[in-house]
Amino acid sequence: MPTFIETQFPIARLSAEAYKERKAVSGQTLTGLGKWWGRKPLILVRASILGMLMPASNDGKKDREVFLKILTMDDDAIWLRCKPSAKRKTTRAMFDVQTYAERLDDCERPENVDGPSVAAWSDVNAHLGTTATSLSELIEQLGQRTFGHTPRVGDSFCGGGSVPFEAARIGCEAFGSDLNPVAGLLTWASLNLLGGGSSVQDEVRRVQREVFAAADQQITDWGIEHNYRGERADAYMYCVEVKPEGCSYFIPLAPSWLIDEYSKVVVDWQQVVGSDRLAPKVAIVSDAELERFKKKKGATVVDSRVVDPFDSSRSWSIEALRGSDGLRRWTNDDVVPRPSDVFQERLYCIRWIDNEGNRRYAAPDATDNARESKVVSLLRERFDIWQTEGYIPSKSIVSGYNTDQPIRERGWTFWHHLFTPRQLLTHGLLANLSARHSDRKLAAATMLNLGRLADWDSRLSCWLSSKTQIGGGKNTFLNQALNTLFNYSTRPFRVLNSAQISLSNQVEFNGRGSVEVADSRDIDVSCDLWITDPPYADAVNYHELGDFFLAWYDKQLVRAFPEWTPDARAELAVRGNGEDFRRSMVEIYKNLARHMPDNGLQMVMFTHQDPAVWADLGMILWAAGLKATAAWTISTETEAAGIKKGNYVQGTVCLVLRKRTANEPGFLDEVYPLVEDEVKRQIASMQALDEGGEPNFNDADYQLAAYAAALKVLTQYGNLDGKDVEHEVFAVRGKGEKSDFQAVIERALGIACDTLIPRGLDSAWRDLSLVERYYLRSLDIESRGERRKGMYEELARGFGVLDIKPLLKSDKANGTRVATPTGLAASVMGPVEGVQAAAAGLPAARGRAASSGPHPFAASPLRHLMFAVRETAAADNSPEPGRQYLRDTFGQGYWGKREGFVNLLEWLAALGNAEGMQEWTADSEAARMLAGRLRNDHA
């Protein structure tokens, strides 16, 4: 019997709920425990488990109603979830006419409400034949019915712990495993700290308060954060400085010396007579001067070059300053640069706060520098013993994709080099004071606290100004990298308290979860449902980035979890996209399939856009003996911003899989039409949701859906055209050679591109060539705000267009724009003088304009139509030259094309009204005039 998730899934509402959860940022339930990459929304996990347990009936509409009631996502429950303050401002009728996403703005998340109402439970039980009064009771009853016991849910790539945590919270037996002990610790803490109930959390908070109070007193006694005015440090700002050859002074380095836009605070540098160190001057400036600093006035790092602050004509390459042999490698006992090092460091600004909460910025004086020296002295006194005990890191950095950056750019070779003496002293003090608590839960909380502090307080923590509030330090992992900085921030101890782990009261799980640190290939625990988000071709290097945290846990982890290996075991990490990756993944998913019953299910979450990687994934699951029974695209990510901007999808494809018990053969000539039908069905269902205002999938998401639809068809068969599955997975192929599987996947993309017809072009579409379709589809996505270059490249792949540059006005990474008729390249439109001559009615000019260029678009009818628009615009919107050009070019064929031309011109005419398409205003008006002339043309 199929389950609910194999027949339908409310992806629009789930997408809106997942988006709301993501937008909570630090308010998400698990993020307060510590940093991990790619945690899946808890509401998606909850819905997935319920969808795999709930049977599908013959009444699909009722199934959906009941499913939404259980998740408190039906209309009545949404109103009950609405916050009282919002209810006072609206009525139920006004609330219901809003889109689902709009209603969620003022609602609690499903995890923060008690659950369905008594009336809702009555409907649920009547439909499902259950007697539940809570979600956990329902899960128990559905599990007993299907598997004969409480359902067991597992995740062998548990990462930040979303799947085990949510599974345990809703009443399942949960199992999580990961090769990385940092992920293991986060998952264990989610089950045993967040899931330990209020008594456990109260004890953790009590110990945290005691430790922080003791550390605060010690910091005060040392006198390293207070000044003679009775103020306490609120922020420290440091920078790198360098003395290039030919320069008589050290140049402090920063891409901007704007400290706080909100308070109009900047730093200027002045020369000091008799010294080779410049002096910082902290000042509050006028609005006009502030604007100049916002435009990088005085910046001393520009385009990877050091710029003399007093003579901008002088600059030095940073790479050249590092030297041909690179920088000196720091040794374990280094905590600050040696005098002979190329890059030095200095404190250049402090923000102070007094007892009344007033803040001020100031350059450091002699007493501040003396306190800096004292910090180094205090650290050196404790350095050896603290490393031995594991209070501060002692591990060396292993060279790798991410970890090479700090080695190459700063010469740092040990993890503690990524922290200033002040950071090592305060963090180590907290670790030392916490060590007296040997209870495993308290030890776990201590380690996670150190991890949170390390993320928010390192030499990689940038300082961000703000125009709406005072500036502040940001965390190390703003992105998935270890980026060294020229200027950075350090948090004084009083500010560290806000960076410790956050615990919100959750239900007690009663021991319903277990965690292992193990290779997925070695797992011997059986689960009824496996939900995994596996690594893939360009996966995050968890083993490297996790070492940043593991360096702080190290010896403490051994004491608290002696059964775990305190090493990321990089040699076992599944990564890459070659044969080793595929072989490892096949072994893993074969193992998971072995450790689930025949009526069990798996869900694999995937977000990649490369068809070759999708082909790999499909073949991996195929070879593991699994078949896809459903695929749903859920919007799980917030919009990309800042340094994360790029060709990012907003959706995650959730593949639902079962064991393939039969091995029926498949034949490519039969598979292709089945794939085409499934792709069209999947896209049609998503378009229907988009047209309802939810959830606005982008083109990347439609592409993912096409790949998933192809996998759903392909994995039903035991072989394709008689070819053995495993042989196909591991076959060695020449460069550019594709497997049959990949060819089908790429065909799915082509079908998707061909299916997604721009609104208003349905009648003209069938007569267009692929390159013409590409140009119009590109205009279509541009008119909807798409500017990511990757999207235009993916479209080109789908339409088989090899060279898109002549069709684009701009191909910037996040500023791609399609060329207008008057802006198309000469290689596809002909020389400018040809346009002018043609507009004047000279036959020779028309001949040159009509000649084919090297690009396939050059000879297309659409190109000629674009030229006619260009002629119309050049003639002050007189359509006669454009009409005559088309009649001369196509002769008697003009009359057969005229109606199609009018359709295309009217579509182009509407472009100028789209937001952000102002560049089309003139050409759109010309297209409108020409459309009117052609519509009324007669033989």
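What counts, and where the lines are drawn
Residues numbered from 1 in each chain as written. Predicted model: local features only at pLDDT ≥ 70, side-chain atom pairs only at ≥ 80, totals over all residues. Heavy atoms only, no water. Helix = DSSP H or I, 4+ residues; strand = E, 2+ residues; numbered from the N terminus. Rg over C-alpha atoms; globule rule 2.2 N^0.38 Å. Buried < 20%, exposed > 50% of the residue type's maximum accessible area, 1.4 Å probe, protein only. Contact = heavy atoms within 4.5 Å. pLDDT = per-residue confidence, 0-100. Core = buried A, V, L, I, M, F, W, Y, C linked by side-chain atoms within 4.5 Å. 1 Å grid on protein atoms, 1.4 Å probe; cavity = no way out; pocket = protein on both sides within 12 Å on 5 of 7 lines; lining within 4 Å. Points joined across faces, edges and corners; volume = space filled by probe spheres on them. Nonpolar A, V, L, I, M, F, W, Y, C, P; charged D, E, K, R; others polar. Axes fitted to C-alpha atoms, helices over the stretch in contact; angles between N-to-C directions. Parallel < 35°, antiparallel > 145°, perpendicular 65-115°, else oblique. Pairing = 2+ DSSP bridges. Disulfide = S-S within 2.5 Å. Phe/Tyr/Trp six-rings, centres within 6.5 Å; stacked < 30°, edge-to-face > 60°. Lys NZ or Arg CZ within 6 Å of the ring centre and 35° of its normal. Expected span 1.5 Å × (residues − 1). Salt bridge = Lys/Arg side-chain N within 4 Å of Asp/Glu carboxyl O. Lys, Arg positive; Asp, Glu negative; His and termini not counted. Polar contact = N/O pair within 3.5 Å; in protein donor to acceptor, adjacent residues only side chain to side chain.

**Let's talk about the overall build of the protein chain**
Link 1 in the chain: When helices and strands are counted, the protein chain shows 36 helices and 24 strands.
Link 2 in the chain: Scaling as 2.2 N^0.38, a compact globule of 939 residues should have a C-alpha radius of gyration of about 30 Å, and the protein chain matches this with 32 Å.
Link 3 in the chain: Counting only C-alpha atoms and orienting by the principal axes, one finds that the protein chain spans roughly 100 × 80 × 65 Å.
Link 4 in the chain: Counting over 939 residues, the protein chain shows a buried share of 58%.
Link 5 in the chain: Long-range contacts, defined here as pairs at least 24 residues apart, represent 74% of the contacts in the protein chain between residues at least 6 apart.

**Description of the environment of Met605**
Link 1 in the chain: Along the polypeptide, Met605 turns up in strand E18 (residues 601-606).
Link 2 in the chain: For the pair Met605 and Pro534, spaced 71 residues apart in the sequence, the C-alpha separation amounts to 7.4 Å.

**Topic: the confidence of the model for the protein chain**
Link 1 in the chain: Here the protein chain averages 88 in pLDDT, and 93% of its residues register 70 or above.
Link 2 in the chain: pLDDT under 50 marks residues 831-853. Its contacts with residues more than four places away, or in other chains, come to 32 contacts.

**Details of the nonpolar core**
Link 1 in the chain: Of all hydrophobic cores here, the largest spans 247 residues; its most connected members are Phe9, Tyr589, Leu655, Tyr775 and Leu776.
Link 2 in the chain: If we skip the residues at most four places from it in the chain, Leu776 touches Pro758, Leu761, Trp765, Leu768, Leu862, Leu904, Trp907 and Leu908.
Link 3 in the chain: Among the nonpolar cores identified, the runner-up in size contains 34 residues, and Val242, Leu253, Trp269 and Phe293 belong to it.

**A short note on unusual backbone geometry**
Link 1 in the chain: The backbone of Asp303 shows a phi angle near 50 degrees, a positive value even though the residue is not glycine.
Link 2 in the chain: For Asp303, the location among the structural elements is in the loop between strand E8 (301-302) and strand E9 (305-308).
Link 3 in the chain: Here Asp303 falls in the exposed class, since its relative accessible area comes to 72%.
Link 4 in the chain: Here the phi dihedral of Asp876 falls at roughly 55 degrees; this positive angle occurs in a residue that is not glycine.
Link 5 in the chain: As for its placement among the helices and strands, Asp876 is situated in the loop between helix H33 (861-874) and helix H34 (880-890).

**Overview of empty space enclosed by the protein**
Link 1 in the chain: Enumeration over the complete set of coordinates arrives at five cavities of 30 Å³ or more.
Link 2 in the chain: In this structure, the largest cavity occupies an estimated 130 Å³ of space.
Link 3 in the chain: Residue lining of the largest cavity: 13 residues in total, with Gln208, Val211, Ser434, Thr446 and Asn449 positioned closest to the centre.
Link 4 in the chain: Considering each element in turn, the lining of the largest cavity owes the most residues, six residues, to helix H18 (residues 440-456).
Link 5 in the chain: Of the residues in the lining of the largest cavity, the class split is nine nonpolar, four polar and no charged.
Link 6 in the chain: Here the second largest cavity defines a volume of roughly 80 Å³.
Link 7 in the chain: Every residue lining the second largest cavity is listed: Asp699, Tyr702, Gln703, Leu749, Ala752, Cys753, Leu756, Arg777, Met791, Glu794 and Leu795.

**Let's talk about the packing of helix H17 (residues 421-434) against H18**
Link 1 in the chain: Following both chains from N to C, one finds H17 and H18 inclined at 175 degrees, their axes separated by 10 Å at the closest point. With respect to their mutual orientation, H17 and H18 come out roughly antiparallel. Residue-level contacts link His427, Leu430, Ala431 and Ser434 of H17 to Thr446, Leu450, Leu453 and Ala454 of H18.

**Observations regarding the pairing of strand E10 (residues 311-317)**
Link 1 in the chain: Two elements, E9 and E10, share four bridges in a ladder whose sense is antiparallel. Opposite Val307, over in E10, you have Ser315 as the bridge partner.
Link 2 in the chain: Connecting E9 to the antiparallel partner E10 that follows it, the hairpin turn spans two residues.

**Focus on the side chain of Thr150**
Link 1 in the chain: Residue position: Thr150 is located in the loop between helix H9 (135-147) and strand E1 (152-155).
Link 2 in the chain: Residue classification places Thr150 among the buried positions, given a relative accessible area of 18%.
Link 3 in the chain: Among all residues touching Thr150, those that are not within four sequence positions of it are Glu140, Gln144, Gly171, Cys172, Glu173 and Asp528.

**Here we look at the state of the cysteines**
Link 1 in the chain: Under the defined criterion, the tally for this structure stands at zero disulfides.
Link 2 in the chain: A disulfide-free cysteine, Cys239 has its sulfur positioned 10 Å from the sulfur of Cys349, the nearest such atom.
Link 3 in the chain: On the basis of relative accessibility, which here comes to 0%, the residue Cys239 falls in the buried class.
Link 4 in the chain: Of all cysteine sulfurs, the one in Cys172 lies closest to Cys527, which takes part in no disulfide; the gap is 10 Å.

**Side note on the sheet that holds strand E7 (residues 279-284)**
Link 1 in the chain: Taken together, three strands build an open sheet; the order of strands is E5-E6-E7 and the sheet is antiparallel. Every other strand in the sheet has two partners, leaving strand E5 (258-260) and E7 as the edge strands with one partner each. Averaged over neighbouring strand pairs, the angle between their axes works out to 35 degrees when direction is ignored.
Link 2 in the chain: In the sheet, E5 pairs with strand E6 (residues 265-270) via two bridges, with the strands oriented antiparallel.

**Some details on the packing of helix H26 (residues 740-755) against helix H29 (residues 789-799)**
Link 1 in the chain: Between H26 and H29, whose axes approach to 8 Å, the crossing angle comes to 105 degrees. One element, H26, and the other, H29, form an angle in the roughly perpendicular class. Here H26 contributes Leu749, Gly750, Cys753 and Asp754 to the contact with H29, which in turn contributes Glu794, Leu795, Arg797, Gly798 and Phe799.

**Thoughts on the packing of aromatic side chains**
Link 1 in the chain: In this structure the tally under the stated criterion is 32 aromatic pairs.
Link 2 in the chain: With a centroid separation of 5.2 Å and an interplanar angle of 10 degrees, the aromatic rings of Trp36 and Tyr542 are classed as stacked. With Trp36 in the loop between helix H1 (11-23) and helix H2 (42-53) and Tyr542 in helix H20 (residues 542-560), this pair connects stretches of sequence that are 506 residues apart.
Link 3 in the chain: A residue is classified by how much of its surface remains accessible, and Tyr542, at 27% relative accessible area, is partly exposed.
Link 4 in the chain: For the ring pair Phe477 and Phe548, a centre distance of 5.1 Å and an interplane angle of 85 degrees mean the geometry is edge-to-face. In this pair, Phe477 sits in the loop between strand E14 (472-473) and strand E15 (487-490) while Phe548 sits in helix H20, placing the two residues 71 residues apart along the sequence.
Link 5 in the chain: By way of ring pairs, the aromatic residues Trp36, Trp37, Trp415, Phe419, Phe477, Tyr542, Phe548, Phe549 and Trp552 are connected into one cluster.
Link 6 in the chain: One residue, Lys87, lies across the ring of Trp79, its end atom 5.0 Å from the ring centre.
Link 7 in the chain: Here Arg277 stacks its cationic end above the ring of Phe250, 3.8 Å away from the centre of that ring.

**Considerations on the environment of Gly115**
Link 1 in the chain: By the element assignment, Gly115 lies in the loop between helix H7 (100-104) and helix H8 (118-128).
Link 2 in the chain: For Gly115, a relative accessible area of 31% puts it in the partly exposed group.
Link 3 in the chain: Separated by 44 residues in sequence, Gly115 and Leu71 place their C-alpha atoms 7.4 Å apart.

**Section: helix H12 (residues 197-222)**
Link 1 in the chain: Across its 26 residues, H12 extends 38 Å between first and last C-alpha, which sits within 8% of the 38 Å expected from 1.5 Å per residue.
Link 2 in the chain: Buried residues of H12: Gly197, Val200, Gln201, Val204, Val207, Gln208, Val211, Phe212, Ala215, Ile219 and Trp222, and no others.
Link 3 in the chain: In this structure, the buried residues of H12 make contact with helix H11 (181-192), strand E3 (232-242), helix H15 (366-389), H17, H18 and helix H19 (493-496).
Link 4 in the chain: Of the residues one or two after H12, Gly223 is the one with positive phi, at around 70 degrees.

**Some remarks on the sheet that holds E8**
Link 1 in the chain: Strand order across the open sheet formed by three strands is E8-E9-E10, with antiparallel pairing between neighbours. Across the chains shown, the open sheet's two edge strands, defined by having one partner strand only, are E8 and E10.

**Section: the pattern of salt bridges**
Link 1 in the chain: All chains considered together, the criterion is met by 64 salt bridges.
Link 2 in the chain: Put simply, Arg887 and Asp937 hold a salt bridge, and the shortest N to O gap is 3.5 Å. Placement of Arg887 in helix H34 and of Asp937 in the segment after helix H36 (921-935) is noted, with a sequence separation of 50 residues between them.
Link 3 in the chain: By relative accessible area, Arg887 is classed as partly exposed at 25%.
Link 4 in the chain: Accessibility expressed as a relative area gives 4% for Asp937, which makes it buried.
Link 5 in the chain: Here the residues in one salt-bridge network are Arg13, Asp75, Asp76, Arg92, Asp96 and Arg103, joined through shared partners.

**Here's the deal with the side chain of Asp260**
Link 1 in the chain: Structurally, Asp260 can be placed in strand E5.
Link 2 in the chain: For the buried residue Asp260, which engages in no salt bridge, the nearest side chain bearing the opposite charge is Arg351, 4.6 Å off.
Link 3 in the chain: One polar contact links the side chain of Asp260 to the main-chain amide nitrogen of Tyr262, over a distance of 3.0 Å.
Link 4 in the chain: In terms of polar contacts, Asp260 uses its side chain to reach the side chain of Tyr361, at 2.6 Å.
Link 5 in the chain: Non-local contacts of Asp260, meaning those with residues more than four positions away in its chain, are made with Val265, Tyr361, Ser465, Ser466, Gln469, Ile470 and Gly471.

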